[in-house]
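Residue-level structural notes
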Amino acid sequence: MPMSASDPTTPIPIAVAFGDGIGPSIMEATLRILEAAKVPIAPERIEIGEKVYLSGVTSGMEPSAWDVLRRTRVFLKAPITTPQGGGYKSLNVTTRKTLGLYANVRPCRSFHPFVQSRHPGMDVTIIRENEEDTYAGIEHQQTPEVTQCLKLISRPGSERIARYAFDYAERAGRRRVTCMVKDNIMKITDGLFRQCFEEEAARHPNIESDVMIIDIGTARIADTPGTFDVVVLPNLYGDIVSDVVAQLTGSVGIAGSANIGDDFAMFEAIHGSAPDIAGKGIANPSALIQGSLQMLAHLGLADHANLIQNAWLRTLEDGVVTGDLVNSKGERGSAGTEEFANAVIQRLGDEPVTLARSAFRQGRTMAFETRKAAPRPVKTLGGIDVFLDWDEVGRDPNVLGEKVKALGSDALELRIVTNRGVKVYPDGFPETFCSDHWRCRFVNPEEGEISHSDVLALLQRFETAGFDFIKTEHLYRFDGERGWSLGQGE
Ligand code: NAD
């Protein structure tokens, strides 16, 4: 929940982590600018990252640091290095999920010609769902040949991010929200995300909305980013598209990112700890500065954010840029981290001459009131998918099909056998490659309801017949609607 800056004499406590690699130098530069702009905040330093990981804390953050976060509820974080291997969990993913930071907001704007970009007019904000999708991190190896990752998309998660995207568009005076999904293939999961988006869009007739398939959407946004405004995506697509779009502005070194939840918020640069340039004093602090300005707006300090942003824009206009950027004269920048920060500080109070002036608006509470929950649908069990690890000589689907068909009952009949989603029995194609991972779909022939006892009896027959069943998936209907996808060829 954003805090109020109504009493400017009381500094607002925030948690600050200096991170690894270039982290400490860009954080020092950023905090120096905030201090020079007399921003009423009280940073409390916490330790996170490589040192903490290597001391044996696999989450990368000490319990005492969590206590500071719980108290301040606002976190400005420099990039950290995640050590390779060793079972270390990504601190970013852990923090986002532990603190319920469901919305990742990345404004990606071009500052052409002062930062050279092939897309001068672009001003896109990517809003990425931050907690669900394949990032639930639920993965298994099920057979010697086959692994799986569960993609979880929930109605509350999808409703919340769609709501956030339209609310953001309204607050920021944006005209259109685009949703990107792959619901032509993932009709149930991406289909739900799209449905929640369309339901929310109908509540905002003043904002245009459209839906694009992610592949063509990514191609278009990479080609003509200037035609997009606000884009909302599920987690994995959002992760990829936000880096693509940030790079189009000229460099990942100038894009900040906000991670917003109902009670907590975390602000950062989108780039990593850049170990290749650490200690050289040449890192661009701009992305972390941009993250910190999103934080100020969130804290209700939009005036301070605009003061700093205007000075930052003027610095770019004056041709002062770091070595990751090319200025309007076509020269690669030569300013170091400190020199760049000093240039911004010197320009506090100045405004850009050519670029549009900064227009941060005050944040406001993101804790939406809960919409009236729809009544829970009637759920009925109509069948079961039994997955097998089966590797008999020849892997002949007809041999397997005949064997498992014999395990059926009046309640549960074999409908099909698929391999990696494609029907291979009955009437499969001999050309289809078969792995050692098979799905045997049993359904009630009358489309009626079956019981858990029917399922257990079926699995008992698999056990007796010597099959290695590796997992099962129940086939439910919700208010009579099929809640499972058909196999390819079913
Ligand atoms: P990176 O973003 O650190 O670096 C990619 C390239 O961009 C490098 O050439 C680097 O020099 C350059 N670069 C990045 N930021 C820059 C800046 N501010 N100024 C100038 N140049 C800059 O990505 P990477 O090399 O893949 O990752 C390095 C480490 O960072 C890894 O340990 C990774 O896990 C971690 N990482 C952390 C975060 C985070 O904390 N949010 C995000 C991404 C990566």
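Residues numbered from 1 in each chain as written. Predicted model: local features only at pLDDT ≥ 70, side-chain atom pairs only at ≥ 80, totals over all residues. Heavy atoms only, no water.

Thoughts on the pattern of salt bridges
Per the stated rule, a full pass over the model turns up 36 salt bridges. Measuring nitrogen to oxygen at the nearest pair gives 2.9 Å for the salt bridge that ties E200 to R203. When its relative accessible area of 43% is taken as the criterion, R203 is described as partly exposed. Among the salt bridges present, the one from D318 reaches R314, with a minimum N-O distance of 3.6 Å. A cluster of three or more residues bridged by salt bridges with shared partners is formed by D385, R415, R439, R441 and E490. (Salt bridge = Lys/Arg side-chain N within 4 Å of Asp/Glu carboxyl O. Buried < 20%, exposed > 50% of the residue type's maximum accessible area, 1.4 Å probe, protein only.)

Considering the packing of aromatic side chains
Applying the stated rule across the entire model yields eight aromatic pairs. For the pair Y102 and Y164, a centre-to-centre distance of 6.2 Å together with 85 degrees between the ring planes defines the contact as edge-to-face. Highlighted residues: Y102 in the loop between α4 (91–98) and β4 (103–109) and Y164 in helix α5 (residues 155–171), separated in sequence by 62 residues. Each member of the pair, Y102 together with Y164, is buried. Taking 5.3 Å as the distance between ring centres and 35 degrees as the angle between the ring planes, the aromatic pair formed by F166 and F197 counts as tilted. With F166 in helix α5 and F197 in helix α6 (residues 189–202), this pair connects stretches of sequence that are 31 residues apart. (Phe/Tyr/Trp six-rings, centres within 6.5 Å; stacked < 30°, edge-to-face > 60°. Helix = DSSP H or I, 4+ residues; strand = E, 2+ residues; numbered from the N terminus.)

Considering the domain arrangement of the protein
As far as domains go, the protein holds domain 1 (1–102 + 249–374), domain 2 (123–248) and domain 3 (379–482). The C-alpha-based centres of domain 2 and domain 3 are spaced at 33 Å. Residue-level contacts link six residues of domain 2 with seven residues of domain 3. Overall, the association of domain 2 and domain 3 removes approximately 620 Å² of surface from exposure, summing both partners, and the carbon and sulfur fraction of that is 47%. Three residues, Q142, T143 and E145, lead the burial of domain 2 against domain 3; their summed loss comes to 66% of the area buried on that side. Inspection of the domain 2/domain 3 interface yields one salt bridge. Between R395 and E145 there is a salt bridge, and its shortest N-O distance comes to 2.7 Å. Summed over the shared surface of domain 2 and domain 3, the number is five residue pairs in polar contact (both at pLDDT 80 or more). (Domains from an automatic or database assignment. Contact = heavy atoms within 4.5 Å. Buried area = accessible area lost by both parts, 1.4 Å probe. Polar contact = N/O pair within 3.5 Å; in protein donor to acceptor, adjacent residues only side chain to side chain.)

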